[in-house]
Amino acid sequence: KGFLRKEQYAIALALIVDGEVQLGVLGCPNLPDSMDATPDETAGYAFVAVKGEGAQAARMPADGELGELATITVSPTDDPASARRCESVESGHASHDEMAQIAEKAQMTGEPVRLDSQAKYATVARGESVAYLRLSPDAKYTEKIWDHAAGAIVVTEAGGIVTDLMGKPLDFTQGRGLVNNRGIIATNAALHDRVVRATADVLGF
């Protein structure tokens, strides 16, 4: 849907071996230098992460060549009031009301940036946003590994943390679905515990 709206979309590839994500690549052909910028012909980035080797990004316009890869890291801030968060555009993909309550509980008072696809992981990895929450309106929904594996390793190798809503590591050993997990919390690490506690308070875990 992000592609159809000419907004954000991602091509995501991951290599999982024995339930462990070893490699992740995100192609975000319409992602500008800043979430506040309007995408133009210069937009487009690629993100690469290898387990234990950090995360890198390079400019890569949809009709251009890959630029020089540079190391990326998550934001170091531990101040929730100055932190930005991102969430899904589609209300069918996320419970915006509950996420607003969680953000308030965590004292993350800024307006969320809404964008589609695993581009949300990319903004956390490169330090633009400090948190991405994925709360499906359907509590019984099972997240799919292809929606999270590549983004998760890019964020973790950039120094962040990715868990489910209860703070449990994502379990990629169960086939196509994250059946042992519910929802997603991806953060810059410094604010992770705060967001997990706020989520538990709001959702009653």
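Residues numbered from 1 in each chain as written. Predicted model: local features only at pLDDT ≥ 70, side-chain atom pairs only at ≥ 80, totals over all residues. Heavy atoms only, no water.

J.: I keep staring at the sheet that holds strand E10 (residues 184-187) and nothing clicks. Help me out?
T.: Within a sheet, each strand pairs with its neighbour through backbone hydrogen bonds, oriented either parallel or antiparallel. The sheet built from 5 strands is open, its strands ordered E7-E6-E8-E10-E9 with mixed pairing. Since the sheet does not close on itself, it has two edges, and those belong to strand E7 (113-114) and strand E9 (161-163), each with one partner. Both strand E6 (residues 85-87) and strand E8 (residues 131-134) contribute to a ladder of 2 bridges, which runs parallel. When the bridges of E8 are listed, arginine 85 appears paired with alanine 131. (Pairing = 2+ DSSP bridges. Helix = DSSP H or I, 4+ residues; strand = E, 2+ residues; numbered from the N terminus.)

J.: Is there a simple way to explain the packing of aromatic side chains in this structure?
T.: Aromatic ring pairs: the centre-centre distance and the angle between the two ring planes describe each pair. Applying the stated criterion across every chain yields a total of 3 aromatic pairs. Considering the side-chain rings of tyrosine 45 and phenylalanine 47, the 6.3 Å spacing of their centres and the 35° angle between planes classify their relative orientation as tilted. A single burial state applies to tyrosine 45 and to phenylalanine 47, both of which are buried. On the numbers, 5.1 Å between centres and 85° between planes, the contact of tyrosine 121 with tyrosine 132 is edge-to-face. One end of the pair, tyrosine 121, is in helix H2 (residues 119-125); the other, tyrosine 132, is in strand E8, with 11 residues separating them in the sequence. With respect to burial, tyrosine 121 and tyrosine 132 carry one shared label: buried. For arginine 126, the ring lying beneath its charged end belongs to tyrosine 45, and the centroid distance is 5.2 Å. (Phe/Tyr/Trp six-rings, centres within 6.5 Å; stacked < 30°, edge-to-face > 60°. Buried < 20%, exposed > 50% of the residue type's maximum accessible area, 1.4 Å probe, protein only. Lys NZ or Arg CZ within 6 Å of the ring centre and 35° of its normal.)

J.: I would appreciate a short explanation of the pairing of strand E1 (residues 11-17) in the present structure.
T.: Each regular strand shows side chains that alternate between the opposite faces of the sheet. By the bridge criterion, 7 bridges tie E1 to strand E2 (residues 20-28) in an arrangement that is antiparallel. Counterpart to isoleucine 11 in the pairing with E2 is glycine 27. Count of turn residues in the E1/E2 antiparallel hairpin: 2 residues, of which aspartate 18 carries a positive phi of about 50°.

J.: How do you make sense of the pattern of salt bridges when you look at a structure like this?
T.: When charged atoms on two side chains of opposite charge get close, those side chains can pair. Overall, the coordinates contain 8 salt bridges when judged by the stated rule. When the shortest N-O distance is used, the salt bridge between arginine 114 and glutamate 87 registers 2.7 Å. Taken together, the positions of arginine 114 in strand E7 and glutamate 87 in strand E6 put the pair 27 residues apart, joining distant regions of the chain. Salt-bridge contacts for arginine 126 lead to glutamate 128; the nearest nitrogen and oxygen are separated by 2.7 Å. Take arginine 126: its relative accessible area is 18%, and that puts it in the buried class. (Salt bridge = Lys/Arg side-chain N within 4 Å of Asp/Glu carboxyl O.)

J.: In this structure, what is going on with the sheet that holds E1? I would like to understand it.
T.: Read across the sheet, 5 strands follow the order E1-E2-E3-E4-E5 without closing on themselves; strand pairing throughout is antiparallel. Looking at the sheet topology across the chains shown, the edges are occupied by E1 and strand E5 (70-72). Strand after strand, the sheet turns through a mean of 25° between neighbouring axes, direction not considered. The strands touched by helix H3 (residues 149-157) within the sheet are E1, E2, strand E3 (45-50) and strand E4 (55-59), with E2 carrying the most contacts at an inclination of about 100°. (Axes fitted to C-alpha atoms, helices over the stretch in contact; angles between N-to-C directions. Contact = heavy atoms within 4.5 Å.)

J.: Teacher, can you tell me more about the side chain of threonine 163 here?
T.: By the element assignment, threonine 163 lies in strand E9. At 3.0 Å, the side chain of threonine 163 and the side chain of histidine 192 are in polar contact. Ignoring any residue separated from it by four or fewer positions in sequence, one finds threonine 163 in contact with Lys168, Leu170, Gly183, Ile184, Ile185, His192 and Val196. (Polar contact = N/O pair within 3.5 Å; in protein donor to acceptor, adjacent residues only side chain to side chain.)

J.: What is the right way to look at the packing of helix H1 (residues 96-105) against helix H4 (residues 192-203) in this model?
T.: Any two packed helices are characterised by the angle at which their axes cross and by the distance between the axes. Two elements in contact, H1 and H4, have axes whose closest approach is 8 Å; the angle formed by their N-to-C orientations is 125°. When the interaxial angle is binned, H1 and H4 end up oblique. Viewed along their axes, H1 and H4 form a crossing whose handedness is right-handed. Taken together, the residues of H4 that come into contact with H1 (itself represented by Glu98, Gln101, Ile102 and Lys105) are Val195, Ala198, Thr199, Asp201, Val202 and Leu203. Residue composition of the contact of H1 with H4, grouped by class: 5 nonpolar, 2 polar and 3 charged. (Parallel < 35°, antiparallel > 145°, perpendicular 65-115°, else oblique. Left-handed = near helix turned anticlockwise from the far one by under 90°. Nonpolar A, V, L, I, M, F, W, Y, C, P; charged D, E, K, R; others polar.)

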